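Summary of structural features
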Amino acid sequence: MKTDLKQSPTEDNLPSGPAYWRSLDEWAEKPEFKNWLHREFPQGASESEGVNRRNFFKIMAASFAVAGLGAAGCRRPEHYILPYHKQPEGTIPGNPVFFSTSFPGAKDNLPLVVETHGHRPTHIEGNRDYAPYGGSISAFVSASILNLYDPDRMAASYRGSRRISRERVRDLINELVDTFGATGGQGLAILAEPSTSPTRARLVRQLKEKFPRMIWAEYSAVDQDNPERAAEEVFGARLRPHYSLAKAKRVLSLDADFVSSEPGSNAMARGFAQGRKVRNQADAGQMSRLYSVESNMTLTGSMADHRLRLSSSQITAFTALVAAKVIEATGGDAALARFLRDRASGLSIDQTWIDACVEDLLEHRGQSLVIAGSHLPKEAHVLSLFINRLLGAEGQTVRYLELPDHSAASITELASAIDSGRVESLVILGGNPVYNAPADLNWKQLQKQVSQVIRYGYYFDETSIDAHYSIAATHYLESWSDGRTFEGAYVPVQPMILPLFEGFQEIEILSRLADSDKHDTYDHVLETFRSEFGGSEAGFKKLLSEGFLAGSEYPPRSVEFGAGRVRSLLSRSSIAAAELNANALEVRLVPDSHSGDGSFNNNGWMQECPDPVTKLTWDNAIMISPAMAKHLGFDTKSGEFLIGGIAKTSSNFHRGSEISRVAELTIDGVTVTGPIHIQPGLADWTVVVSLGYGRRNVGRVGKGTGFDVYPLVKSDARAVRTGGRLSLTNREFKLANTQAHWSIEGRAILREGSASQHLEDSEWAQKMGMESHSPPIYGTDKDMPLHEKVLKTPRGGSAFDHPDFADPAPNVRVWNDPENRKKFIPDQQWGMSIDLNTCIGCNACVVACQSENNIPIVGKEQIMRGREMHWIRLDRYYSSGDVESNRNEIPSDPQVSLMPVGCLHCERAPCEQVCPVNATVHDSQGLNVMAYNRCVGTRYCANNCPYKVRRFNFFDYNKRSSDEFYKGPLGENLYKTEGGQLVSMQRNPNVTVRMRGVMEKCTYCVQRIQQARIAQKVKAKDSNDIHIPDGVLRVACQNACPTEAIVFGDVSNPESAVSKSKDNDRDYSLLGYLNTRPRTTYLARVRNPNPQMPDYERIRYPHTQREYKSVQPQPINGGHSAHH
Amino acid sequence: MANLFPKRSNAVPLKLIIALLILGVSAVAAVTYYFTPKYTRVGYMPTQPVPYDHYLHVEQLGLDCRFCHSYVDQSAHANVPDAATCMNCHSQVKSDSPLLAEVRSSYESGEAIEWVRVHKMPDHVFFDHSVHVNRGVSCVECHGNVNEMVEVWHDQPLSMAFCLDCHRAPETGIRPMDQVYNLNWTPENAAEHAKWAEEAVVNWNVNPPQSCSGCHR
């Protein structure tokens, strides 16, 4: 059957191009791509090569022989039940136990609740009682559980490459104490990662008292301290700017990716989403507005209502212009305004953009906010502090929190101490400086100058190799410690499993160094709680059960500073915009979305979780703007544009593999080499490369992935370099990219409107899409609200009567009795609502789902065949507003739209109709269920799924390692290896681990539904109170979501949160015209552009909506033209 | 030319067909009988490391099921007691019986006793004890009269059909809540019980799942 995916069913000669595109190639409508599109699982899936009669008999004979052997042993093997000898208190075999703890970060400990089964941590969720984060986590936090079971972690301590005992390590530390006790620490240096732990800080203070001449240095590969450094310069105190996005009606983000990568982003994303919730028509008028000025294409930029592309090295000057405008508009110090304009001259920018933006910020005085990215220079932060002051934000949307006293040397200071020979023994606590210290320090050589280097770390990595001793660290789920959230609330770090290997806890190492009289880490944390938070042992138990200490936040402080201070701080430094062009590029060095600063490089979940914007997996790339691509000779016009450097005429996109040209990026004589990825939305002369790849000593997962860009990091320019040059080589490289997978060509898949449009006519989303003018689908029930349609499955006059899932099964005699039937309480009906207005595309749901549902990773090679297994994917669409120009030119300034798609649980599921073995069927709760044991792997269902959400196990992804998939049974069985068993400890025991040849997909976390149902029935006993109360049952993706964009619950209950969420004019079904009637529906996105802005006419209606309308043949039912 | 085949060979095809038919029928019959849980599981009675006698403890001493299987009403898994539970009594009673040597050594050393599993669900089946015993389904329905077993054996097939038989006719499997752990209970009046059971199904809204998701996740 011909698959016609075009929006307009009639004309072939009409513009047929997709209004959204998911890869630049698709957009180019290459024939290969089109072919590929129409086959779900492309390579080698249907063709079995080399099967002939002879082979067949050979195989059959072998299997009969095996069957014969098996017959002798067909008695059931003996299984044993091993009970406790003395059952520990609080454990019920078979039931999970939840522990509160927190994820240690440099500035922010994220409060968590960790699920353990039989004392194995299996799943991490946020602590929902902690209000600022509301239980949200990030993909990294979710994935950190996999590091615990990483077979490549250090299992023991080493001297060189010889294993040493724990006692030897303790002796080693005692020796250190003895040696340096005599010299007062002269010659001893410790380099640590920053931490929020008060216990560690207390021990460090003890340590400094004991060794007054010791050097204590702290270093983090990604520097995010500039906001606090600037605050310290301005206010003369250690203060942290803290933003309350929930209160902010107008936000200007200056290169700050505050929804995903800035410190404290969980709370900011959550607050931002609160300001964007549109529950009803009137809310659209109350929506917050986000202006974003940025060089990289970030998630914050994709959420912005007005986005200005500007290189990071010009943003300080831009900030000065904004400040000048604010000063002028508020009647401030005119001299300062002139001074700022003067200093920022040289930046050519549309002044009206700034004027209109500032006007809008000032109109919402006290409710507006400027946030500067933490990588920007101090001057930008000084200016933004001042702007916020003038905006009246202080005490409203921004507070200054007083940080506890803390001092540490920088890595540069430590480096010069080493260089001058003042360091005899260097202890490195965590971090990985040989790999990630600024290149100009040449840390590898420095470290070799020190006569004794002791490294405490989780992996045997680049730094360990050049150390004399390597001490194994424990995972945070195996350690006692504590920390503070970004706001300062005191949170514990609590172990829930005994150390799997011979690791040491950081607190113990420090305690031994400080030579305190006891080394029990629990006692140390308790001691901190007593001495610094006035707690008792009973209070500590309460803290552990609640997971945070209410009221322990850093105290806010009111501040005072004037224009004079700003002027004096700025007069010393230059804020002029850098001169950029194709031969003097700006290079932005950003932490990678997969591996962070490199510490998650060996984590398979993160490696395979597609980057939220580029959708690349397993590698990083040199991202260039379309303008730069053009400059490099990629013909970006007339359909000849390229991705990765190969012309359209030769094929450059094979399934999931993006064949990319390799380029050399050179700054000041230092060259890094990596594949090119053309990224719409970048500032023209900015090149973005991500840190954390190209590790030299890493485990099996991270080996050979990506390229290292740390050589470009300088200690005085950690995140932004200028003067870069880019040249292409003739080599090619295959990137694994999921962005072209399961493409649904354009149309009203993702509906977007503007706030003003919503105020005029809140039903605009219903008037989009083919279903809006195809009455036969719902027939006489056409006008029923969508949430009701989902609920009732209306017949609409059709002869086909759709069965009601909630009816009792016809084969139960008791319920067939009409009198009994009247008393029947139907099963709850599950559904989901996803708000596209608040989805920030952070990937937290993707990894949380992977952790909850035992989803395997498949490796780069399989991704390149389009076989990734994630049950929920985040579609990212670009749009430029003009379908015609899309076809001819890469847009340099697109709007980005994000959409999470998992199985939508259609009530009339197309997959069910084609399954020959009834392996996928509906259950009484309206779930589209997969019975793995029935599945024979025909993949018909995946072919018939219009949403392409089904995933097939082409291999035993759990049982075999990724390089042995093709060996089949001849490969090594991972379940029988120690490493494989270690990884298996993470598995959720309530979810089947799928084997080869089985289809799988989102189940709506059916295990959680069943457990909640059972728990409710256990409670109900001999009553009929069997309905799970709303809010008790929450699915994994919902819990992880920082913005509460995902709501799950009983759609048959009009009072449930999900029903209320669906009872919204923005509610629509994906591909609703197919009449699949999905249980997951979406809330259309509302953008909120400002009519005063110079780009308003261009983005008055979202690009996607304009593209949708431009391909409509003519207005039908008069429904569309009104909006033009 | 002489006939190559004697006359009796005319019957060979017929005989062959009949033989094949018999073979086929008996193969099918054998598979249906021998290859089902009714045959392969029922009666399985492994020797346990400790000769624990349910008959003695339940019938003669009057222990409740939940004395040892203490979390059967709270968890999916009906736990086998820890050695400490045995030692509650056996530190006093028969404290040096050689039959209990295994229990004592487990209690002291921390090594688990290796009880042989009698009832095993396949890995893809997620059975939950708590929901059954809390909704009027007695242990006896699936495990038989364990109270009378000296050594525990597998009493019911526990096949999918066995489960579904009851899930399709819930009124046959439920009893008053206070009789769930009384394995000897029989209704005084069968007809009256049937009426009670039907009412209970309606009043408690017993609607056991027949969908895949009920047991397979």
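Sequence positions are assigned chain by chain, starting from 1 and proceeding in written order. Naming scheme: in the order in which they are written, chains are lettered from A and ligands are numbered from 1. Restriction of local features to residues with pLDDT of at least 70 applies here, the model being predicted, together with a cutoff of 80 or more for giving and counting side-chain atom pairs; totals for whole chains, interfaces and linings are based on all residues.

**Considering the overall build of chain B**
- Each helix and strand in chain B was counted, giving ten helices and one strand.
- The way it works is that DSSP assigns letters per residue, a run of H or I at least four long becomes a helix, a run of E at least two long becomes a strand, and they are numbered from the N terminus. The N-to-C order of helical and strand elements in chain B reads α-α-α-α-α-α-β-α-α-α-α.
- Radius of gyration (C-alpha) of chain B: 25 Å, far over the 17 Å computed for a compact globule of 217 residues.
- Along the three orthogonal principal directions, the C-alpha set of chain B runs to about 95 × 50 × 35 Å.
- Counting over 217 residues, chain B shows a buried share of 31%. Only the C-alpha atoms count toward the radius of gyration. The rule for a globule is 2.2 Å times the residue count to the power 0.38. Put plainly, a residue is buried at 20 or more neighbouring C-beta atoms within 10 Å of its own, exposed at 12 or fewer, and partly exposed in between, counting only other residues' C-beta atoms, which are placed from the backbone.

**Comments concerning the pairing of strand β15 (residues 425-429) of chain A**
Residue and element names in this part refer to chain A.
- Summarising burial for β15: five of the five residues are buried, a large majority.
- Here β15 shows two buried faces, one formed by S425, V427 and L429 and the other by L426 and I428.
- Two strands pair if DSSP finds at least two bridges between them. Two elements, strand β7 (residues 188-192) and β15, share five bridges in a ladder whose sense is parallel. Within β15, the residue paired with L191 across the bridge is I428.
- Note that β15 and strand β16 (residues 452-457) share five bridges and pair parallel. Directly across from I428, in β16, lies its bridge partner R455.

**Overview of the sheet that holds strand β37 (residues 1067-1068) of chain A**
Residue and element names in this part refer to chain A.
- Here we have four strands laid out as an open sheet, ordered β36-β29-β38-β37, and mixed in their pairing. The sheet is open, and its two borders are formed by β36 (1046-1050) and β37, each paired with just one other strand.
- Where strand β29 (residues 830-835) lies against strand β38 (residues 1080-1083), four bridges are found, and the strand directions are parallel. The partner of M832 across the bridge, within β38, is T1080.

**Quick look at the interface of chain A and chain B**
- Once C-beta atoms have been placed from the backbone, residue pairs whose C-beta atoms lie within 7 Å are recorded as contacts. Each side of the interface is counted separately: chain A has 46 residues, and chain B has 48 residues.
- Sorting the residues of the side of chain A that touches chain B by element identifies β1 (80-81), α27 (813-816) and α35 (1006-1020) of chain A as the ones contributing at least two each.
- It is α35(A) that provides the largest number of residues to the side of chain A that touches chain B, a total of six residues.
- Ten residues, namely Ala, Val, Leu, Ile, Met, Phe, Trp, Tyr, Cys and Pro, are considered nonpolar, four, namely Asp, Glu, Lys and Arg, are considered charged, and the remaining ones, Gly among them, are considered polar. A class-by-class count of the residues in the side of chain A that touches chain B yields 23 nonpolar, 15 polar and eight charged.

**Topic: the confidence of the model for chain A**
Residues and elements named next belong to chain A.
- As a per-residue quantity, pLDDT reports the predictor's confidence and falls between 0 and 100. Residues of chain A with pLDDT of at least 70 account for 87%, and the chain-wide mean is 84.
- Low pLDDT (under 50) marks residues 36-53, which in the prediction has 18 contacts with non-local residues, meaning those over four places away or in another chain.
- Across residues 1116-1124, where pLDDT falls below 50, the model places 14 contacts with residues more than four positions away in sequence or in other chains.

**Details of the domain arrangement of chain A**
Residues and elements named next belong to chain A.
- Residue ranges labeled as domains rest on an automatic or database domain assignment. The domain boundaries assigned to chain A delineate domain 1 (97-148), domain 2 (157-219 + 410-546), domain 3 (226-402) and domain 4 (585-737).
- The distance between the C-alpha centroids of domain 3 and domain 4 comes to 29 Å.
- Opposite the twelve residues of domain 3 that make contact, domain 4 presents 16 residues.
- Taken together, the elements giving at least two residues each to the side of domain 3 that touches domain 4 come down to α10 (299-303) and α11 (312-329).
- Among the residues forming the side of domain 3 that touches domain 4, the class breakdown is three nonpolar, eight polar and one charged.

**Re the packing of α11(A) against helix α14 (residues 378-390) of chain A**
All names here are of chain A.
- Here an angle of 0 to 180 degrees is reported between the N-to-C directions of two axes, which are lines fitted to C-alpha atoms, with helices fitted over the stretch in contact. Where α11 meets α14, the closest approach of the two axes is 9 Å, and the angle between their N-to-C directions is 25°. Judged on the interaxial angle alone, α14 and α11 are roughly parallel. With respect to the hand of their crossing, α11 and α14 are arranged in left-handed fashion. Seen from α11, the contacting residues are I315, T316, T319, A320, V322, A323, V326 and I327; seen from α14, they are E379, A380, L383, S384, F386, I387 and L390. The cut-offs work like this: below 35 degrees is roughly parallel, past 145 is roughly antiparallel, 65 to 115 is roughly perpendicular, and the gaps in between are oblique. A clockwise turn of the near helix away from the far one marks a right-handed crossing, whereas an anticlockwise turn of less than a right angle marks a left-handed crossing.

**Thoughts on unusual backbone geometry**
Residue and element names in this part refer to chain A.
- Even without glycine at this site, Y1004 takes up a positive phi of about 60°.
- Tracing the backbone shows Y1004 in the loop between β35 (999-1000) and α35.
- One non-glycine residue, E1044, adopts positive backbone phi at about 55°.
- Turning to its location among the elements, E1044 is positioned in the loop between α36 (1036-1040) and β36.
- Residue classification places E1044 among the partly exposed positions, given that 18 C-beta atoms sit within 10 Å.

**Topic: the confidence of the model for chain B**
Residues and elements named next belong to chain B.
- Summarising the model, chain B shows a mean pLDDT of 90, and 100% of its residues fall at 70 or more.
- Per-element averaging of pLDDT across chain B places helix α2 (residues 37-40) at the bottom with 80 and helix α7 (residues 129-133) at the top with 94.
- The complex prediction reports pTM at 0.87, with the ipTM value standing at 0.89.

**Observations regarding helix α8 (residues 265-274) of chain A**
Residue and element names in this part refer to chain A.
- Counted residue by residue, α8 has nine buried out of ten residues, so it is predominantly covered.
- Considered for burial, the residues of α8 that qualify are S265, N266, A267, M268, A269, R270, G271, F272 and A273.
- Those residues of α8 hidden inside the fold are in contact with β3 (110-117) and β9 (239-243).

**Focus on the sheet that holds β15(A)**
All names here are of chain A.
- The mixed open sheet is built from seven strands, whose spatial order is β6-β5-β17-β16-β15-β7-β8. Strand pairing shows two members of the sheet lacking a second neighbour, β6 (162-164) and β8 (215-218), which therefore form its edges. Strand-to-strand, the axes of this sheet are offset by a mean angle of 20°, without reference to chain direction.
- Two strands pair when backbone bridges link them, and β7 and β8 are joined in this way by four bridges, in the parallel orientation. The partner of L191 across the bridge, within β8, is A217.

**Structural notes on the domain arrangement of chain B**
- Once the domains are mapped, chain B shows domain 1 (12-39) and domain 2 (42-80 + 115-214).
- Computed over C-alpha atoms, the centres of domain 1 of chain B and domain 2 of chain B are 36 Å apart.

**As for the packing of α11(A) against helix α13 (residues 351-363) of chain A**
Residue and element names in this part refer to chain A.
- The N-to-C vectors of α11 and α13 enclose an angle of 55°; their axes lie 10 Å apart at closest approach. Between α11 and α13, the crossing angle belongs to the class labelled oblique. Crossing handedness for the pair α11 and α13: right-handed. Taking contact as the criterion, the partners of L321, V322, K325, V326 and A329 in α11 are, on α13, I354, D355, V358 and L362.
- When the residues that make up the contact of α11 with α13 are grouped by side-chain class, the tally is seven nonpolar, no polar and two charged.

**What about the pairing of strand β17 (residues 469-472) of chain A?**
All names here are of chain A.
- On β17, burial covers both faces: Y469 and I471 on one face and S470 and A472 on the other are all buried.
- Strand direction decides the pairing type here: β16 and β17, joined by four bridges, are parallel. Paired with G457 across the two strands is A472, which belongs to β17.

**Describing the environment of A467(A)**
All names here are of chain A.
- Its location among the elements puts A467 in the loop between α18 (462-465) and β17.
- A467 sits in the buried class, given 26 other C-beta atoms within 10 Å.
- The spacing of A467 and Q447 is 20 residues in sequence and 7.8 Å in space, taken between C-alpha atoms.
- Setting aside chain neighbours within four positions, we find A467 in contact with I428, V453, I454 and R455.

**With respect to the environment of L904(A)**
Residue and element names in this part refer to chain A.
- Residue placement: L904 occurs in the loop between β31 (895-901) and α32 (910-914).
- Taking the C-alpha atoms as reference, L904 lies 48 Å from V382; in sequence the two are 522 residues apart.
- If sequence neighbours within four positions are ignored, L904 has contacts with Y947, L1070, P1078, R1079 and T1080.

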